[in-house]
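The chain contents come next:
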Amino acid sequence: MMTQTNNYGRRKWAGYTLAELRGQRELVNTRIAVERNSLADDVDELREKITLRSRPASVAGKMFSALSYLDWIILSVSFFRKIAPLFNRRKR
């Protein structure tokens with residue numbers, strides 16, 4: 001069997017095998033996964049920097065920023081229960 005050659009006397013390229021194509025696909029998928037994780041890490045780092053700058057430096061500001069919405073609701077209901085009797089007009 002004679003191999004095909006080009007004008008320069010070199011053997012012509014026969015193409016990739018199926019195993020080589022699968023290997024290339026795995027290599028590309030791995031690179032995509034690595035870049036996706038790298039991008040996610042960069043976004044998380046940027047979010048941390050943004051939230052650290054937006055927090056107030058005072059003690060009261062730190063206390064208020066640490067409270068969640070549920071904490072605010074509980075505090076407002078307890079405050080309302082303590083204040084409401086002062087405004088309640090009773091008939092005697």
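Structure shown above.
Residues numbered from 1 in each chain as written. Predicted model: local features only at pLDDT ≥ 70, side-chain atom pairs only at ≥ 80, totals over all residues. Heavy atoms only, no water.

(A) Quick look at the overall build of the protein. Scanning the protein for helices and strands turns up 3 helices and 0 strands. Going residue by residue from the N terminus, the α and β elements of the protein occur as α-α-α. Within the protein, the fraction of its 92 residues that count as buried is 1%. (Helix = DSSP H or I, 4+ residues; strand = E, 2+ residues; numbered from the N terminus. Buried < 20%, exposed > 50% of the residue type's maximum accessible area, 1.4 Å probe, protein only.)

(B) Highlighting a negative patch on the surface. Taken together, the side chains of D41, D42, D44 and E48 define an acidic patch exposed on the protein surface. Structurally, D41 can be placed in helix α1 (residues 18-54). (Patch = residues over 30% accessible without salt bridge, like charges linked within 9 Å, V, L, I, M, F, W, Y side chains within 5 Å. Areas by Shrake-Rupley, 256 points an atom, 1.4 Å probe, with all protein chains shown as cover. Salt bridge = Lys/Arg side-chain N within 4 Å of Asp/Glu carboxyl O. Lys, Arg positive; Asp, Glu negative; His and termini not counted. Charge placed at Lys NZ, Arg CZ, Asp CG, Glu CD.)

(C) Examining helix α3 (residues 69-87) more closely. The end-to-end C-alpha distance of α3 is 26 Å, a good match for the 27 Å that 19 residues give at a rise of 1.5 Å each. The sharpest bend along α3 reaches about 25° and sits at R81, with the proline P85 one to four residues further on. (Expected span 1.5 Å × (residues − 1). Bend = angle between axes of the 7 residues up to and from the residue.)

(D) Main features of a nonpolar patch on the surface. On the surface, a cluster of nonpolar side chains totalling about 520 Å² of accessible area is made up of W13, Y16, L18 and L21. Residue position: L18 is located in helix α1.

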